[in-house]
Amino acid sequence: MSGHCGKSEPILIDEEILKKAVMEQGPQYEAGLIATAEEIVFSEVPKLHLQYRNILKIDHLWEFTSLTKLELNNNLIRKIEGLDCLISLTWLDLSFNSIEKIEGLESLRKLEVLNLSNNRIPVIENMDTLEKLTIFSLTNNLLEQLDNVLYLRTFKNLFTLNLLGNPVHKDDDYKCFIAAYFPNLMCLDYRHLDQKTKNEASIKYHYVLEKIKRDGLLMQQAAEAEQRKEAELQLHHDAFVEFLNGSYLFKNMLKDDPEADKLHYLPGMASLLHTFEHQMVELCMQLFETGLAEHKRRETEVNSFFSGQSKAVPHYQQRASQILADFEQQHRERIEELHHLSDPEVLMVKVNHCKDEINLLCNNLMALDFQLYSQLEDIIKKFDINISDMVGSFIETVQGIFAQCRDLEDNYNEKVREIAVATLEKVAKDNLEEDMPDDVRMLFTDKDTVMEALATGHDNHLQTINDRETQLVTRVNAWKVALVKGIQDTELKQSRMRISDIHRYMDYLREQLEESH
Amino acid sequence: METLLESHDEEQLRGGETPEEKLQVSDHQDLLLSLEQTDALYPESYRLNSSDEVRLLAVADNFQRQFSHLFPDRKPLLLCPINECGVKKFVSTTLQPTLTIHPGLFTWEGCASFVANFLSLDPLEPPVDLPRYLSSSTSVLQRQTATCFEFGTLLCSLLLGTNYDAYCVSGYAVRDMCLLDQRLQECPLLDTQLNVTDEVVMSLQQQQENKYTVRPLRELESHFVIQQEKKKREAEAVLLQRQTLQEDTQQPPADPLQGLRVHCWVLVLSGSRSVQENFFIDPLTGKSYSTASESFLGIESMWNNLNYYVNMQDCSNGCADMVYDLDDIKLWEPVLYGATSKKQLILNVLKKKESHMMSRINHDDEEQEQPRALEMPRSWVSYITISKKDLETRWPGGQRTTRYRKAKLEEFSPYLRSDGLLTRLTTYRDQDYSEEFVVKEWYKHRNDHLEEREVHKVDNFTTERFMCERRFHLLFLRYTHLSADAERHMEFNSVRVDGLVRRVETPGEMTEIFKGRDDFLHYRHVIFDRHVQFTEADVSFKADERLLLKVVERFHRNRKKPASQDVAERVFLLTLRRIEVTYHLEDQRFIPSKRSFIKPRESTEIQKEEEFTADMVSSFQVDPAEKPLNRLTLYEMLLDLMMDEKKVVLQIKESKKEVSSSSE
């Protein structure tokens, strides 16, 4: 390959070559003169033509970060490498080289056109990240497996595919196969893929395609369901009441009760436990509902705040623009006047007048900014108060419900204790009616152990409830503080930015004034 | 004279002739003489009375005699006037319910406006007496002149034909109505536009309130000044009110014949054709009035094609309290007692339908025939035909002039005038029609697609409106006077390729407003060099580049670009060889980025072209973090701008050309 350049030696890419290439494709005439005067900045070059150069190895390209089109065809390249930094690349031509494997393209996520024709590639692989691929050429390579082409099905935008001159192309069924599996394809092997072929193919591969379609649909549905679920959980999380719509908290409470299994054999325990669970779940649901409702309220509040805030700014921007426009009109006239003056004294006076006007403008703009800032500060304060009230009342409600949970737990514990004591007595007197496994009976011979187990269980339960409560309350408070702080910070930052803008503009105006006379 | 004698004989046969009538007939002998020649053209029913009609006339005569005996104070009723053939005909039989094929005449509005437009009024003479003759609607349509009774008869016939429950009413009305004098009324075409602005204000006030809305700072102002202003305005308003009051009170002297003038109009009762409320129609104007209207002063009688009713209610205080329950004999005395009324007719039809259904079940049910009273005979008038041409011509002779309060309305039928004029409304500043204020004209079917022209005589400007097919999609044009230097305001259809919506031209300046352009341009303001005077002849010459002083273009925000690269305003200062570019404001900022270029000199025969140097550009970049552009990019930017400048100059030339050619 590239034998026509036989005379010259194989070369490696270095800076000199790159500079020359950039210069050659640069602008012409006047603009070219300017361009030569400027220093070449590799990181701004949009295109690079490096074909017919006997290049042996891709190298030195890491500076071309904004490169969109790279032509490296008709060289002696054996391996795709050194392209990792060309993140904005959309067009890559590597045809007429000696490449044997597709690799090193992982970071080229924006790539749309890829030409790997006339190489020695036997397998399509390592292209998972090229999601935007629309045109893919692989003519005159060593592709043998027709099934391997299916790898390209992941590219939804692919509309041109060229596989001419591969062993695969000799397969009788080749065209039909491709047309069936790539319904969006417009061109195959440099020819338009007509509707007739597509229809034939779709009839021929009807069953397979149906199955694929069905599978795809199922996958999609599953993905959607997953997404919905996640979104819901996220919503619950944002409302600070995740995992409260069910018996999750209850189960968590009873999770590590000591001797739980044994205790459950006690008479009346099952029904007691059942009622307890039922009541707990009810309270949890109450918490959950309140949480969602409160979340909604807070959301509307936040939205209405932001909409109010965003409406205020354009109004002030308009006023500032008005002031600026007025000033500039007059300023231009004054500068014009300066040009016609020759008397240095009068000139001096006029220049000073101009400076005064600039200062006045500065003051006006600053005053405007101050107004905006103070008004925004007012509404932020108002918002802070409102949102704090909401959060406060939410916390109060939540704490009330958690208190009920604790009462429930106390109550339950009391009853369990009674049953345990009764059983203990019975075991002591040995007049137990119920049939009981031996290990349970063994347990109830030792009063201290039972009582201790019960006490630990009770403590654990309360601990779990308290933990959940604390978690909720802290998170709500943290959210509120972060929100208000964030708003205040951005506001301050923006005001600072405006003020610095104003000052810089004033400097610019003064500079202009100095220059003009 | 044969017919006359014949009718005399007939009358004598019935023995109902009064000396008065005889006299009246001889009064109109000349009319009848003229009619005699065309007599043969009329159908037989016009010239003779059928046996039913003779019986009816006898009944009517008897009724009249009894009526004048019982109520000697009341005026005689209009029962049997003489038709165009000199034959006595009962008024109800003169009504011929007619349905035309024209969809425009299916509603009462269409019928009323047709009748009002198509006929011209022949006032009653004397105005306090009932007419002695009443022509059929067919001859009235031929003549195109009619008395108010003939107006009413025609309108009522049309309304009955389209299934309205309509009645001819004979009564008394005010002078202006009887004489079709509308000089005290506002012209209906002069609609007040105040309501529209009110709505706009309302919608502005209804903006959503948000508790976080930043309220603009209160402007400090003096209460005293405001009060003074208010006082002044109030005083002005009072003055204005007084003036208008004075004008309004300049009413004509009171009518000596008030309450005596005879008029005929149409009453439409509710119930049919989804009419919700009873109302009157004045057939002379075609306008509807409520039954409580003060223009109608009293009712003597009313009739439709089925019966004749005499009013037994007191209407010395106008018609406001009248009750139109025709079945109540105490209120309305029918001439034909026991004859079917419209209401009964409807009921009968319903009953028949029902009994038909019933009779299918029990066949033996025989319908009981009631002893039949004298029913109203069929109309003697032949079928009324209205041609399409009649509808188009509308007015007698194709045109009509109506005078309203401070306004004169001239109407023409289509194609009558060669300039396509349909309507001309002239408003005056005074009531004597001497000082013209605004002349508004409506056109149709014109080659230049002109639809409306409004000439303000006082401010001396003309406004023209066009249909969409006009060249350059011109829709609206307003100018002070027709010369090249005049002030001109144009509006265009939105389908224009260049998106031009409005163009305002004043001497030395031109403003163009665009809408929906791909390049987001929405405003272009051009200032021409005033020192170069261009006269009418000069308009056609190419507007030379030197004529342009300054071009300002403004663009909407293109959200696809970052604000600091999206041009908001471009100013081409052509004489100064400068181009100034202002970019859009970034969010939250007050000051936009700016750039100003000085164009390098082009090469001439003497000098080489000027090189582009760094001091030809001055930029202010609002974001200090952004890297300043290098010289190459700036140069490319300048080249683009210079290209655009050339394009803009060309476009302005085109605009100029368009203006001069559109005003031709």
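Structural data are supplied above this passage.
Small disclaimer: the values here were computed from a predicted structure and weren't measured. (Residues numbered from 1 in each chain as written. Chains lettered and ligands numbered in written order. Predicted model: local features only at pLDDT ≥ 70, side-chain atom pairs only at ≥ 80, totals over all residues. Heavy atoms only, no water.)

## Topic: the overall build of chain B
Then step 1. For chain B, the count of helices and strands is 15 helices and 25 strands.
Then step 2. Across the 664 residues in chain B, those meeting the buried criterion constitute 44%.
Then step 3. Of the contacts made within chain B by residues no fewer than 6 positions apart, 53% connect residues no fewer than 24 positions apart.
Then step 4. Of the roughly 38,400 Å² of accessible surface on chain B, 52% is carried by carbon and sulfur atoms. (Helix = DSSP H or I, 4+ residues; strand = E, 2+ residues; numbered from the N terminus. Buried < 20%, exposed > 50% of the residue type's maximum accessible area, 1.4 Å probe, protein only. Contact = heavy atoms within 4.5 Å. Areas by Shrake-Rupley, 256 points an atom, 1.4 Å probe, with all protein chains shown as cover.)

## Looking at the overall build of chain A
Then step 1. A count of helices and strands for chain A gives 11 helices and eight strands.
Then step 2. Pairs at least 24 apart in sequence give 58% of the contacts found in chain A among residues at least 6 apart.
Then step 3. On chain A, roughly 28,600 Å² of surface is accessible, and the fraction owed to carbon and sulfur atoms is 54%.

## Notes on the packing of aromatic side chains
Residue and element names in this part refer to chain B.
Then step 1. Going through the model one piece at a time under the given rule, you end up with 28 aromatic pairs over all chains.
Then step 2. Ring centres of tyrosine 46 and tryptophan 380 lie 5.0 Å apart, and the angle between their planes is 85 degrees; on these two criteria the pair is classed as edge-to-face. Residue tyrosine 46 is found in helix α4 (residues 44-47), and its partner tryptophan 380 is found in the loop between α13 (342-361) and α14 (388-393); the two are separated by 334 residues along the sequence.
Then step 3. These aromatic residues form a ring-pair network of at least three members: Trp265, Phe280, Tyr289, Phe296, Tyr324 and Trp332. (Phe/Tyr/Trp six-rings, centres within 6.5 Å; stacked < 30°, edge-to-face > 60°.)

## Remarks on the sheet that holds strand β5 (residues 135-137) of chain A
By way of backbone hydrogen bonds, the strands of a sheet pair with one another, either parallel or antiparallel.
Residue and element names in this part refer to chain A.
Then step 1. Pairing in this open sheet of eight strands is mixed, and the strands run β1-β2-β3-β4-β5-β6-β7-β8 from one edge to the other. The open sheet is flanked by β1 (47-49) and β8 (191-192), the only strands paired with a single partner.
Then step 2. Bridging between strand β3 (residues 91-93) and strand β4 (residues 113-115) involves three bridges; their strand directions are parallel. Each bridged residue has a counterpart across the sheet, and for aspartate 93 the counterpart in β4 is asparagine 115. (Pairing = 2+ DSSP bridges.)

## Considerations on the packing of helix α9 (residues 344-429) of chain A against helix α11 (residues 447-516) of chain A
Then step 1. Orientation of α9 of chain A relative to α11 of chain A, taken along the N-to-C sense of each, is 175 degrees, at an axis distance of 10 Å. For the element pair α9 of chain A / α11 of chain A, the angle class is roughly antiparallel. (Axes fitted to C-alpha atoms, helices over the stretch in contact; angles between N-to-C directions. Parallel < 35°, antiparallel > 145°, perpendicular 65-115°, else oblique.)

## Focus on the interface of chain A and chain B
Then step 1. Taken together, the contact between chain A and chain B spans 44 residues of the former and 33 residues of the latter.
Then step 2. Between chain A and chain B the total buried area reaches about 3,500 Å² when both faces are included, carbon and sulfur atoms providing 57% of it.
Then step 3. Taken together, chain A and chain B are joined by three salt bridges.
Then step 4. In this structure, the salt-bridge partner of aspartate 501 of chain A is arginine 589 of chain B, at a minimum N-O distance of 2.6 Å.
Then step 5. The interface formed by chain A and chain B holds 10 residue pairs in polar contact (both at pLDDT 80 or more) in total.
Then step 6. In the side of chain A that touches chain B, the residues fall into 21 nonpolar, 11 polar and 12 charged. (Buried area = accessible area lost by both parts, 1.4 Å probe. Salt bridge = Lys/Arg side-chain N within 4 Å of Asp/Glu carboxyl O. Polar contact = N/O pair within 3.5 Å; in protein donor to acceptor, adjacent residues only side chain to side chain. Nonpolar A, V, L, I, M, F, W, Y, C, P; charged D, E, K, R; others polar.)

## As for a negative patch on the surface
Then step 1. On the surface, Asp14, Glu15, Glu16 and Glu63 of chain A cluster together into a patch of negative charge.
Then step 2. As for its position among the elements, glutamate 16 of chain A is in helix α1 (residues 15-24). (Patch = residues over 30% accessible without salt bridge, like charges linked within 9 Å, V, L, I, M, F, W, Y side chains within 5 Å. Lys, Arg positive; Asp, Glu negative; His and termini not counted. Charge placed at Lys NZ, Arg CZ, Asp CG, Glu CD.)

## Considerations on the side chain of threonine 197 of chain A
All names here are of chain A.
Then step 1. Tracing the sequence through the fold places threonine 197 in helix α4 (residues 195-204).
Then step 2. Among the polar contacts made by the side chain of threonine 197, one reaches the side chain of aspartate 194 at a distance of 2.2 Å.
Then step 3. Setting aside chain neighbours within four positions, we find threonine 197 in contact with Lys175 and Ala179.

## Let's talk about the nonpolar core
Then step 1. Formed by 80 residues in total, the largest nonpolar core has its most connected members in Leu159, Tyr308 and Tyr324 of chain B.
Then step 2. If one sorts the elements of this core by residue count, helix α9 (residues 148-161) of chain B sits on top with nine residues.
Then step 3. Ignoring any residue separated from it by four or fewer positions in sequence, one finds tyrosine 324 of chain B in contact with Leu267, Leu269, Asn278, Phe280, Thr291, Ile299, Met302, Cys319 and Trp332 of chain B.
Then step 4. Judged by nonpolar contacts, the second largest core, of 60 residues, contains Ala21, Leu89, Leu133 and Leu209 of chain A. (Core = buried A, V, L, I, M, F, W, Y, C linked by side-chain atoms within 4.5 Å.)

## What to know about the sheet that holds strand β3 (residues 165-173) of chain B
Residue and element names in this part refer to chain B.
Then step 1. One open sheet accounts for seven strands, arranged β6-β5-β4-β3-β7-β8-β9; its pairing is antiparallel. Sheet topology places β6 (287-290) and β9 (332-334) at the edges, where each strand pairs with a single neighbour. The mean inter-strand angle of the sheet, taken between neighbouring strand axes irrespective of direction, is 35 degrees.

## Some words on the pattern of salt bridges
Then step 1. Counting across every chain of the model gives 49 salt bridges over all chains.
Then step 2. For glutamate 242 of chain A, the salt bridge is made with arginine 468 of chain A, and the minimal N-O distance between the two is 3.9 Å. Pair noted here: glutamate 242 of chain A is in the loop between α5 (206-238) and α6 (248-254) and arginine 468 of chain A is in helix α11, with a separation of 226 residues, a long-range link. The pair glutamate 242 of chain A / arginine 468 of chain A is uniform in exposure class, with both members buried.
Then step 3. For the salt bridge of glutamate 242 of chain A with arginine 475 of chain A, the shortest nitrogen-to-oxygen distance reads 2.8 Å. Linking glutamate 242 of chain A in the loop between α5 and α6 with arginine 475 of chain A in helix α11, this pair joins segments that are 233 residues apart in sequence.
Then step 4. Overall, glutamate 242 of chain A belongs to the buried group, its relative accessible area being 5%.
Then step 5. Owing to a relative accessible area of 23%, arginine 475 of chain A belongs among the partly exposed residues under this scheme.
Then step 6. Connected through shared salt-bridge partners, Arg503, Glu512, Arg524, Glu553, Arg570, Asp644 and Lys647 of chain B make up one network.

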